[in-house]
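Residues per chain, in single letters:
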Amino acid sequence: MNLDDIRTRLHELQAQDLPVHGGRTLAYVYDSGLSEVDELGRAAVAAYAGSNGLDPTAFPSLLQMENDVVGMAADLLDAPASAVGTVTSGGTESVLLAVQSARDARGEITRPRMIIPSTAHAAFHKAAHYFGVEAVAIEVGDDYRADVAAMTAAIDADTVLVVASAPSYAHGVIDPVPELAAAAAAAGVRCHVDACIGGWVLPFAPRLGRDVTPWTFAVDGVTSISVDLHKYGYAPKGTSVLLHRDSALRKPQFFASAAWPGYTMLNATMQSTKSGGPLAGAWAVTRAIGADGYQRLAADVFAAVDAIVDGVASIGALSVVAEPDSTLIALATDATCDPFTICDEMAEAGWFVQPQMAFAGRPATIHLSVSAATLASVEEFLGALRAAVDRAVAHGPVVVDPDVVAFIEALDPAALTDADFDGLLAAAGLLGTSEDGALALPTRMAEVNALLDVAAPAMREALLVAFLDRLSRPAR
Ligand SMILES: Cc1ncc(COP(=O)(O)O)c(C=O)c1O
């Protein structure tokens, strides 16, 4: 292909995706609405795309930018002078490294455990899976916040980490960090605050007169915090910061190997060779927006959140699951409609809102990650939501055939064969039945989501893994 054809094809391909600008995609992407800043960030990514963060002596500019970005994070998060940090590739990597560091700091423990609220991000389950740390998930209270008494009671001699979210992704509320950190400290255990999604916007909330549970390093006992730049830092994708209260706490995070004939490998993150692009993009964007700019963006996003919460109050079939502590909103429906149909109706109207399945006896919901750029069209959003709910009510709640429910409930995902999965994927409408087994994703997902919703979490995981396996096949 010649270069122009490739450019054209890239644009065509990208047109299939959700828009990353415009404030109409309320999950996955975060839009400051500052197009000049976005362009600057992208130019910085491009300029540093080939630089290698593997060796800070070979690319000292990357070290400088990392220290600048970590310094800004430390200021935002009330970190003491002793604090140190690392820029990682994203929230999951920051969480993985926090868990791995906590495990390796206590190498004498053969069956390490971490105590997490049931609402902690799935990244902690991934860390449990990768690092052999048992994730002891404690059911949250009726207010969707961590149950301090139950989490405290769960801490034992094998516990290496206590986790809190600021806020939780699914419900947008902050756990009682002061109490959890105190319980962890009393037991001599690390306490990680997962502020991946809230950490770059919540620091501005008290300055805007909002009441926020303390969750930063100002809270005694908090030993590490993760905060993503590619969320409310409004930076290009691929950066998060993991901060530790002091360098001794970070030590186990480093990996060095001289056990081979090549260069001594020395890494602070999971990656070894890593593009300098995301870090340069984050450096440029954080400098361009600055603390005052982030405060203005925080004012906008909180104004949008308040307007959405107020507007939802007048939509009969909808309610806010928990008064949002941050910029995330979970919406529930009454029995006249279902969240999945509303998500489909919103998608048809050009808004992406994210379905969240029923979990632990609590019903399915709709997730909104509100961006600063959403404020400009918040009335339009509420109009679209009201109309989507009206159509979903007229449609009635999506019903899964009771026989299919019984069939799925009787299945053991661990015992299913690939052929069984193909059958189920086809029944779920996730797999075409044509001879070549081509994937046929329906445009409306409510039926598929409702079916996944009735499946137990292990079955949901197995079905979606089978689906992803079929999706990712080489194009030849
Ligand atoms: C609270 C929380 N932690 C961790 C993550 C994982 O972040 P990432 O998707 O950047 O890996 C997220 C993502 O939304 C999050 O909300």
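For the structure itself, look to the data block above.
Residues numbered from 1 in each chain as written. Predicted model: local features only at pLDDT ≥ 70, side-chain atom pairs only at ≥ 80, totals over all residues. Heavy atoms only, no water.

Bringing the overall build of the protein into the picture now. Of the regular secondary structure elements, the protein holds 15 helices and 13 strands. Its C-alpha atoms give the protein a radius of gyration of 23 Å, within 12% of the compact-globule value 23 Å for 476 residues. Dimensions along the principal axes, computed over C-alpha positions, put the protein at roughly 60 × 60 × 55 Å. Across the 476 residues that make up the protein, the buried fraction comes to 53%. In the protein, 73% of the contacts between residues at least 6 apart in sequence involve partners at least 24 apart. Total accessible area on the protein stands at roughly 21300 Å², and carbon and sulfur atoms take up 57% of it. (Helix = DSSP H or I, 4+ residues; strand = E, 2+ residues; numbered from the N terminus. Rg over C-alpha atoms; globule rule 2.2 N^0.38 Å. Buried < 20%, exposed > 50% of the residue type's maximum accessible area, 1.4 Å probe, protein only. Contact = heavy atoms within 4.5 Å. Areas by Shrake-Rupley, 256 points an atom, 1.4 Å probe, with all protein chains shown as cover.)

Most of strand S11 (residues 328-333) sits inside the fold, with five of its six residues counted as buried. Of the strand pairs in this sheet, strand S10 (residues 318-320) and S11 are connected by three bridges, and their pairing is antiparallel. Counterpart to Ser319 in the pairing with S11 is Ala332. Direction of pairing for S11 relative to strand S13 (residues 365-369): antiparallel, over a ladder of four bridges. Paired with Ile329 across the strands is Leu368, a residue of S13. (Pairing = 2+ DSSP bridges.)

Let's shift gears to the sheet that holds strand S6 (residues 224-228). Taken together, the seven strands give an open sheet; going across it, the order is S1-S7-S6-S5-S4-S2-S3, and neighbouring strands pair in mixed fashion. Two strands in the sheet have a free side with no partner beyond their single neighbour: strand S1 (84-88) and strand S3 (134-138). Mean inter-strand twist for the sheet, computed between neighbouring axes without regard to direction, equals 20°. Of the strand pairs in this sheet, strand S2 (residues 113-117) and S3 are connected by five bridges, and their pairing is parallel. The residue bridging Pro117 from the neighbouring strand is Ile138, located in S3. Sheet strands in contact with helix H5 (residues 123-131) are S2, S3, strand S4 (159-165) and strand S5 (190-194), and its direction is about 165° off that of S2. Strand contacts of helix H7 (residues 177-186): S4 and S5, with the helix running at about 175° to S4, the strand carrying the most contacts. (Axes fitted to C-alpha atoms, helices over the stretch in contact; angles between N-to-C directions.)

It is worth spelling out the site of the ligand at this point. In the vicinity of the ligand, the residues found are Gly90, Gly91, Thr92, His121, Pro167, Tyr169, Asp194, Cys196, Ile197, Asp228, His230 and Lys231. One nitrogen or oxygen atom from the side chain of His230 is found 2.8 Å from an oxygen atom belonging to the ligand. In the model, an oxygen atom of the ligand is placed 2.9 Å from a nitrogen or oxygen of the Lys231 side chain. Within the complex, 84% of the 390 Å² of free accessible area of the ligand lies under protein. Split into classes, the residues belonging to the shell around the ligand amount to four nonpolar, five polar and three charged. (Near = heavy atom within 4 Å. Polar contact = N/O pair within 3.5 Å; in protein donor to acceptor, adjacent residues only side chain to side chain. Nonpolar A, V, L, I, M, F, W, Y, C, P; charged D, E, K, R; others polar.)

Another aspect to go through is unusual backbone geometry. Following Ala166, the chain continues to Pro167 via a peptide bond in cis, the omega torsion being -5°. Along the chain, Pro167 falls in the loop between S4 and H7. If you check the backbone angles, Tyr28 has positive phi at about 75° while not being a glycine. Inspection of the secondary structure assignment puts Tyr28 in the loop between helix H1 (3-14) and helix H2 (35-47). The class of Tyr28 is partly exposed, set by a relative accessible area of 49%. Positive phi values are uncommon outside glycine, yet Tyr144 reaches one of about 70°. Within the element layout of this structure, Tyr144 appears in the loop between S3 and helix H6 (148-154).

In this model helix H11 (residues 378-395) runs 25 Å from its N-terminal to its C-terminal C-alpha over 18 residues, within 8% of the 26 Å that 1.5 Å per residue would give. Residues of H11 that are buried in the fold lie against helix H9 (277-313), S10, S11, helix H10 (339-348) and S13. Residue Gly396 follows H11 closely and has a positive phi angle near 85°. (Expected span 1.5 Å × (residues − 1).)

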